[in-house]
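# Notes for the structure review
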Amino acid sequence: MNTRILILGSNGQIGTVLAESLRTKYGRDQVICSDIREPKLQADGPFRLIDVLDSKAIEQVIQEENINQVYHLAALLSARGEQNPSLTWQINMQGLLNVLDICSRLKVSRLFFPSSIAVYGPTTPKQLTPQFTSLQPSTVYGISKLAGEMWCEYYHHRYGLDVRSLRYPGVIGWQSLPEGGTTDYAVEIFHGALKSGHYKCFLKAGTRLPMIYMDDAIRATIELMEAPSDKIRIRTGYNLVGMSFTPAEIAEEIKKLVDGFTISYEPDFRQQIAESWSESIDDSSARADWGWSPRYDLKEMCREMLEKLSGKLA
Ligand code: AKB
């Protein structure tokens, strides 16, 4: 079958890079990007202005463009979410319910829903967090992702919708900037290092969080979406991780590559969010079910980030 893809929320940190990878793989015109705003750079392929709260617009584009795969990325993240909980719930939850309903009615073959390490909470084991464990998130973003995972599983069991999901850790890439997340520091630090040789971190030096390099995150997403349906045993969200580190550890690695780089710490409200999440993740279900394996560790990620980002900034 001819693969026809719709990305909802394609202007975001992951959407920007995912769109490019999917276009390279399936062809530029096979991937329809969409967002509530025009992209900052001229769209390199079909683009539609779509608000995920407008179910008619979603339904229309799926029908008009013969879409058979949807990547639903539109959401407000953890830090921004705490500043406007009801709007976050509305966009994250109602947006997903619209997409689930439409994809199921129009018999879309596959749907991707990004979950997050934000589903973990203070009662979750912090080290090597298992796939199935206590989940009591403390942010509205985390609550929306946990509820979202459960709705995905419900639509799969009740209506046979082939919906797949990953619990993304912090995603680090040179191509795009994250917005409104708690793990954003791990991208900003590279911009600080290259632009001014300094970074003021909003988390404490020893705050360990699970992370992943963008290349690995995109590969995981596409590998999950391409896996045969019978390999996908989990219809909530798969645990996923590439590496775990603290701000002090990433700063040490950057110092080896950027002469004179310095870091200072001024923790804000995001510290509390970070402390409610896991420090390291057990992603053995993803490895066993569909063959997931990360390629980048902290050292290799820092080397490539600095090389690619300095090229981009130049
Ligand atoms: C955030 O920090 O909110 C996101 C996430 C971990 O889902 N990057």
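Residues numbered from 1 in each chain as written. Predicted model: local features only at pLDDT ≥ 70, side-chain atom pairs only at ≥ 80, totals over all residues. Heavy atoms only, no water.

## Focus: the packing of aromatic side chains
One pair of aromatic rings is described through two measures. These are the centre distance and the angle between the planes. This structure, assessed with the given rule, holds eleven aromatic pairs. Between the aromatic rings of W151 and Y154, the centroid separation amounts to 5.6 Å while the plane-to-plane angle is 80 degrees, which identifies the pairing as edge-to-face. Here the residue W151 and the residue Y154 both occupy positions in helix α5 (residues 140–159), the gap between them amounting to three residues, near one helical turn. The class of W151 is partly exposed, set by a relative accessible area of 34%. A centroid spacing of 6.4 Å and a plane angle of 40 degrees characterise the contact between W290 and W292, whose relative ring orientation is tilted. (Phe/Tyr/Trp six-rings, centres within 6.5 Å; stacked < 30°, edge-to-face > 60°. Helix = DSSP H or I, 4+ residues; strand = E, 2+ residues; numbered from the N terminus. Buried < 20%, exposed > 50% of the residue type's maximum accessible area, 1.4 Å probe, protein only.)

## Some remarks on the site of the ligand
Every residue close to the ligand is listed here: L77, S78, S116, I117, Y141, G181, T182, T183 and W277. At 2.7 Å, a side-chain N or O of S116 approaches an oxygen atom of the ligand. At a separation of 2.9 Å, a nitrogen atom of the ligand approaches a polar side-chain atom of T183. Partitioned by chemical class, the residues of the shell around the ligand number four nonpolar, five polar and no charged. When residues of the shell around the ligand are sorted by domain, at least three fall in each of domain 1 (5–170 + 214–222) and domain 2 (172–210 + 242–313). (Near = heavy atom within 4 Å. Polar contact = N/O pair within 3.5 Å; in protein donor to acceptor, adjacent residues only side chain to side chain. Nonpolar A, V, L, I, M, F, W, Y, C, P; charged D, E, K, R; others polar. Domains from an automatic or database assignment.)

## Re the sheet that holds strand β11 (residues 243–245)
The sheet built from three strands is open, its strands ordered β7-β9-β11 with mixed pairing. Each edge of the open sheet carries a strand with a single partner, namely β7 (170–172) and β11. Neighbouring strand axes in the sheet, compared pairwise and without regard to direction, differ in orientation by 40 degrees on average. As paired strands, strand β9 (residues 209–213) and β11 are joined by three bridges and run antiparallel to one another. Residue pairing across strands places M211 opposite M243, the latter belonging to β11. Strand contacts of helix α6 (residues 185–195): β7, β9 and β11, with the helix running at about 30 degrees to β7, the strand carrying the most contacts. Sheet strands in contact with helix α7 (residues 214–226) are β7 and β9, and its direction is about 80 degrees off that of β9. (Pairing = 2+ DSSP bridges. Axes fitted to C-alpha atoms, helices over the stretch in contact; angles between N-to-C directions. Contact = heavy atoms within 4.5 Å.)

## Comments concerning the environment of C103
Inspection of the secondary structure assignment puts C103 in helix α4 (residues 85–105). Given a relative accessible area of 0%, C103 falls into the buried group. When the C-alpha positions of C103 and V163 are compared, they lie 9.4 Å apart, and in sequence the two are 60 residues distant.

## Some points on the packing of helix α8 (residues 247–257) against helix α11 (residues 298–313)
Geometry of a packed helix pair, given as the angle between the helix axes and the separation of the axes. Running from N to C, α8 and α11 cross one another at 55 degrees; their axes reach a closest spacing of 10 Å. When the axis of α8 is compared with that of α11, the two are oblique. The hand of the α8/α11 crossing is right-handed. Listed contacts from α11 to E249, I250, E253, I254 and L257 of α8 are L298, K299, M301, C302, R303 and L306. Here the residues of the contact of α8 with α11 sort into seven nonpolar, no polar and four charged. (Parallel < 35°, antiparallel > 145°, perpendicular 65-115°, else oblique. Left-handed = near helix turned anticlockwise from the far one by under 90°.)

## Remarks on the pairing of strand β1 (residues 5–8)
Here β1 shows two buried faces, one formed by I5 and I7 and the other by L6 and L8. In the sheet, β1 pairs with strand β2 (residues 31–35) via four bridges, with the strands oriented parallel. Paired with L8 across the two strands is S34, which belongs to β2. Handedness of the β1-helix α1 (residues 13–26)-β2 crossover: right-handed. Note: β1 against strand β4 (residues 69–72), four bridges, orientation parallel. Of the residues in β4, the one forming a bridge with L8 is H72. (Right-handed = clockwise from strand over helix to strand, strands pointing away.)

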